[in-house]
Amino acid sequence: WMRYDTLADANAQAWRSSINTVVIPGDSPTMRAILAELVPALSGLLGKSIAASANNTLADGTLVVGTPSTSSAIASLQLRDALAKVGDEGFLIRSEKIDGRSVTVIAASTELGALYGAFHFLRLVQTQPASGNLNISEKPRFLFRLLNHWDNLDGSIERGYAGQSLWKWNELPGTIDPRLTDYARASASLGINGAVLNNVNADAKSLTPEYLRKAAAIADVFRPYGVRVYLVPRFSAPIEIDGLETADPLDPKVAAWWKAKTDEIYKLIPDFGGYLVKANSEGQPGPMTYGRTHADGANMLAAAVARYGGIVMWRAFIYDPVPGSDRAAEAYNTLKPFDGKFAPNVILQVKNGPVDFMPREPFHPIFGSMPHTQVMPEVQITQEYLGHSNSIAFLATMWREFLDSDTYAKGPGSTVTRVVDGRLYGQTLTAIAGVANTGDDRNWTGHHLAQANWFAYGRLAWNPDMSAREIADEWTEMTLTHDRKSVDEIVRLLLESREAVVNYEMPLGLAHLMDNPHYGPGPWGYPVARPDWSPVYYHRAANDGIGFDRTATGTNAVAQYHEPLRSRYADLSTCPDDMLLWFHHVPWTYKMRSGRTLWDELCLRYQRGVDWTGDARKRWDALAGIIDAERHTAVARKLVIQQRDAKWWRDAGLLYFQTFSKQPFPADVDQPT
Ligand code: GCW
C-alpha cells in the first residue's frame, strides 16, 4: 500500500492541481522521515515533481506539515484547542489560507502526530476525491497499538509463513537491513506504535548484553517512526543468565535482578516500551513455578519498568491439561480471582477467543468480567489456523465480529470495543496487540493479499469502529487498482473469504480440527503430548452426535458469559448456528433452522466453502490485466492451492465424521473421495 504509483483518473487530476510543493521545516529524525516519505510519495502519486519549497515560502498549493514548534505557519493558525483535542498522537488536516495563499496543513502537537497525519494524507490522495475544503481531525483510540513478533533468535518465526525473521540477529548491530526502515514506515503508516521483537516462548538469551545491543540497534531504526521496542523476558532469566538460585518473584534478590536488568535496557533503549509475558503456559516458566501467583509475577516486573513509564502485558493464554477440565474455561477461572490485584501499569493481554485463534470462536469471557483490571485484546494476523500464507482469509471481518460482540457486562451495548477502549470501565492504559504475519519474503507476508491483514489490523488499532468493507476498499485501492469495478470485486472476495475458510475447515462452531502443523485437517487425532491438544477433545464426535457440551449438562463454561448471552448460548433453540457445536453436543439428526438435519447442514457448509474457492479462482482470473501480471499470477497460483486444500478439508472432515453419523451424503453435495 506504499507503492505510490501514479494515479491516472480524473480525481487524480484534481489532487495534482491542488498540491505543488511541500514545506516541512525541522531537522529532527521524524521531520526528516516525513519529508523523505512525502516528496517521493506525492511525486509518484501525482506524476509530477514535488519538492520542498526553498526557504519554506508558502505559495498556492503548498502542503505544510509540522507542529506549532517546528512550523511558524502552523503556529500562526492558533490551533491550540483543536490540537489539544487530538492529543499526543492525533493530527489535523485542513485547507487553510495563510498570507493569502491557499495551502493544505497537516498539524499536530507532536512530530509523531505529524507523521501519522502525513500518512493519512497520502491515504486520502489514494482513496478519496480531491478537496480544497479539508477539515479532518483524527486520533487513535488505543494508547498502545502493538505488533507481537513470535520471532526466535535463530531467525525462525513460530507460526510465521512469510520466510525468516526480518530481524537479522546474527548481523546486528553491525549491519542494519534497510528493510527495518521499511517495516517501520509500513507500521507507522497505520499508526502502529510498538513492536514486541521476540517470541512469547522466549529465550533467556534475548536479555543478555549482546542481544540487548542488537535490540537497541533495531530501536534506533524504529524511533523516528514512533515504533517503540518491547521484549519478552523469560521468567527464569535470572537463573539462566546470572545463575541466581531461583526466579521467585517475591525473592528480593530476584526483584533486584529485574530492576538492574531493566536499568540496563533503558540505558540502551531510553524509550523502551516494556515487557510482554507468557507465564506458566505451554511449558513456559512463570511465578507459579515458584509457588507464587500471576499477580505476584506481573507486579514484580511492573515495578521494574514503572520507574521509566513502561508497561507489562501479561498474557491470559493459560491452560493446563487437568483431567475433565475445559480449556475454554481455564483462563477465566485462573485469573478472575485476581481482578483488581494487578499494578496500574499491568495490562492483561487476552486472545479474542477462549481457546486459541480458531477461524471462529465466541469472544473470550474475560472481556467484561474483570472490571478492575486493564484488559487488551490479542488477535492473530498470521494465519496459523486459516491456511497459513496459502489462503485468502481477510481477517477484518473476524475482528469486526469480535469487537462488536456484546458482553452485556453493563447491560446491552457493552461491546468488547467499549470494554477495551476504556469507555465501559474507565481503563486508562488502553492497548491492542496483533501477532504479526510479516517475514523476510519479498512480498512481506507470503501471500500478496495477506498484506491486507497487516493493514486491517493497524487500521482497526487506530479506529476500532471502521467497517471491514471500508478497510478492504482502502487497501485494495492503495495496493492493487483504482478501477472501481475491479476494486468492488476484490473487496467482495476479501469480505467473503474468512467465512469460506470457516465453512471448509470448521463450520457450525467446530474448532481445533487441524493436523499438527496447524495446516491441514486431522479430526481423527494424532499422537500429542497432551489430551487437550487433540482434535477429538474438541469435536467429541460419536454415534450420538457431535460438539462440545459447555452447558450445565457438560462443563458449564457457558456460565462465564453474562445474561442474556449465557441463556442464549445455553439454549439449543437460541444458540446461533455458528456457535452451535462450540456450546452443544447435538444429535446428527437434529433439525436445524434451515430445516435440514445437522448432518446435512454440516455437509452443506463444507460444500459451500469448497464452492467458494472455485468461484474465487474464476473471479480472480477475470481480473487479469487489471493488476500487474506478477502479482496477479502469484495470487492465482495460491488460489489453486486454496481450492485443493478446501477439498482436502471437506473430504477428510466429512468422511471421518460419517463414520459416526452413518448418514449418506446429501444429493446437493459433491461426494467426498
Ligand atoms: O496456539 C498456540 C500456538 C503456539 C503459540 C501459543 C501462544 C507462541 O500454536 O505456537 O506459542 O499459541 O499463543 O502462546
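Computed from a prediction, not measured in an experiment: that's the story for all the values here.

Parameters at a glance
- Residues numbered from 1 in each chain as written.
- Predicted model: local features only at pLDDT ≥ 70, side-chain atom pairs only at ≥ 80, totals over all residues.
- Heavy atoms only, no water.
- Helix = DSSP H or I, 4+ residues; strand = E, 2+ residues; numbered from the N terminus.
- Rg over C-alpha atoms; globule rule 2.2 N^0.38 Å.
- Contact = heavy atoms within 4.5 Å.
- Areas by Shrake-Rupley, 256 points an atom, 1.4 Å probe, with all protein chains shown as cover.
- Lys, Arg positive; Asp, Glu negative; His and termini not counted.
- Charge placed at Lys NZ, Arg CZ, Asp CG, Glu CD.
- Near = heavy atom within 4 Å.
- Polar contact = N/O pair within 3.5 Å; in protein donor to acceptor, adjacent residues only side chain to side chain.
- Pairing = 2+ DSSP bridges.
- Axes fitted to C-alpha atoms, helices over the stretch in contact; angles between N-to-C directions.
- Phe/Tyr/Trp six-rings, centres within 6.5 Å; stacked < 30°, edge-to-face > 60°.
- Buried < 20%, exposed > 50% of the residue type's maximum accessible area, 1.4 Å probe, protein only.
- 1 Å grid on protein atoms, 1.4 Å probe; cavity = no way out; pocket = protein on both sides within 12 Å on 5 of 7 lines; lining within 4 Å.
- Points joined across faces, edges and corners; volume = space filled by probe spheres on them.
- Nonpolar A, V, L, I, M, F, W, Y, C, P; charged D, E, K, R; others polar.
- Domains from an automatic or database assignment.
- Buried area = accessible area lost by both parts, 1.4 Å probe.
- Salt bridge = Lys/Arg side-chain N within 4 Å of Asp/Glu carboxyl O.

J.: Explain the overall build of the chain residue by residue, including any values.
T.: In terms of regular secondary structure, the chain is built from 21 helices and 14 strands. Against the globule reference of 26 Å for 673 residues, the chain gives a C-alpha radius of gyration of 26 Å, in line with a compact fold. Each of the three principal axes of the chain carries a C-alpha extent, and together these read 80 × 65 × 50 Å. Put simply, of all contacts in the chain between residues at least 6 apart along the chain, 72% involve residues at least 24 apart. Accessible surface for the chain amounts to roughly 23,900 Å². Of this, 52% is attributable to carbon and sulfur atoms. Here the chain contributes 67 positively and 75 negatively charged side chains, and the mean placements of these two sets differ by 2 Å.

J.: An account of the site of the ligand is requested, with residue identities and associated values reported.
T.: Glu158, Lys278, Lys351, Asp356 and Glu384 are the nearest of the 15 residues found near the ligand. Within the side chain of Arg159, a nitrogen or oxygen atom sits 2.8 Å from an oxygen atom of the ligand. One of the side-chain N or O atoms of Tyr385 is found 3.1 Å from an oxygen atom in the ligand. For the ligand, the protein covers 97% of the area, taking 340 Å² as the surface of the free molecule.

J.: How would you explain the sheet that holds strand β5 (residues 101-107) if you had to name every residue and give the values?
T.: Reading across the sheet, the 6 strands line up as β2-β1-β3-β5-β4-β6 and stay open at both edges, with mixed pairing between neighbours. Since the sheet does not close on itself, it has two edges, and those belong to β2 (51-52) and β6 (135-138), each with one partner. Pairing between strand β1 (residues 21-23) and β2: 2 bridges, direction parallel. Residue pairing across strands places Thr21 opposite Ala51, the latter belonging to β2. Lying over the sheet, helix α2 (residues 29-46) contacts β1, β2 and β3 (62-66), oriented at roughly 155 degrees with respect to β3.

J.: Give a description of the packing of aromatic side chains that names residues and reports values.
T.: Under the counting rule described, the total for this entry stands at 32 aromatic pairs. Their ring planes at 85 degrees and their centres at 6.3 Å tell us that Trp399 and Tyr457 sit as a pair that is edge-to-face. Of this pair, Trp399 sits in helix α12 (residues 396-404) while Tyr457 sits in helix α14 (residues 451-462), placing them 58 residues apart in sequence. Like Tyr457, Trp399 is buried. Each ring, one from Tyr569 and one from Phe583, has its centre 4.5 Å from the other, and the planes form 20 degrees; the classification is stacked. Of this pair, Tyr569 sits in helix α18 (residues 565-570) while Phe583 sits in helix α19 (residues 580-583), placing them 14 residues apart in sequence. For Tyr569, a relative accessible area of 8% puts it in the buried group. Looking at Phe583, the relative accessible area reads 1%, which means it is buried. Pairwise contacts between aromatic rings join Trp1, Trp167, Tyr183, Phe222, Trp444, Trp454 and Phe455 into one cluster.

J.: Hey, could you go over the side chain of Asn352 for me, with residue numbers and the actual values?
T.: With respect to the helices and strands, Asn352 occurs in the loop between β12 (346-351) and β13 (375-380). Look at Asn352 and you get buried, because its relative accessible area is 5%. Those residues within four positions of Asn352 in sequence are excluded, and the remaining contacts are Phe357, Pro362, Phe363, His364, Phe367, Glu378, Val379 and Phe402.

J.: If you had to explain empty space enclosed by the protein to someone new, which residues and values would you point to?
T.: Summed over all chains, the structure comprises 12 cavities of 30 Å³ or more. The space that makes up the largest cavity amounts to roughly 70 Å³. In terms of lining, the largest cavity is formed by Ala316, Phe317, Ile318, Tyr319, Arg327, Ala331, Lys351, Gly353, Pro354, Val355 and His364. Here the lining of the largest cavity is built from residues that sort into 7 nonpolar, 2 polar and 2 charged.

J.: Describe the domain arrangement of the chain, naming the residues involved and giving the relevant values.
T.: A common way to express how large an interface is: the accessible area buried when the components associate. Split by domain assignment, the chain resolves into domain 1 (10-138), domain 2 (144-479), domain 3 (482-541 + 586-673) and domain 4 (549-584). On a C-alpha basis, the centres of domain 3 and domain 4 stand 24 Å from each other. Every contact between the two is made by 11 residues of domain 3 and, on the other side, 12 residues of domain 4. Taken over both partners, the interface formed by domain 3 and domain 4 buries close to 1,100 Å², and the fraction arising from carbon and sulfur atoms is 54%. Linking domain 3 with domain 4 are 3 salt bridges. In this structure, the salt-bridge partner of Arg593 is Asp577, at a minimum N-O distance of 2.6 Å. Taken together, the links from domain 3 to domain 4 amount to 7 residue pairs in polar contact (both at pLDDT 80 or more). Looking at the side of domain 3 that touches domain 4 residue by residue, the class counts come to 7 nonpolar, 1 polar and 3 charged.

J.: I'd like a description of the pairing of β13, backed by residues and values.
T.: Regular strands place side chains that alternate from one sheet face to the opposite one. Among the 6 residues in β13, 6 count as buried, and that is most of the element. Burial of β13 is two-sided: the residues Val375, Pro377 and Val379 facing one way and the residues Met376, Glu378 and Gln380 facing the other way are all buried. Sheet analysis places β12 next to β13, joined by 4 bridges and oriented parallel. Bridged to Lys351 within β13 is Glu378. As paired strands, β13 and strand β14 (residues 431-435) are joined by 3 bridges and run parallel to one another. Paired with Glu378 across the strands is Ala433, a residue of β14.

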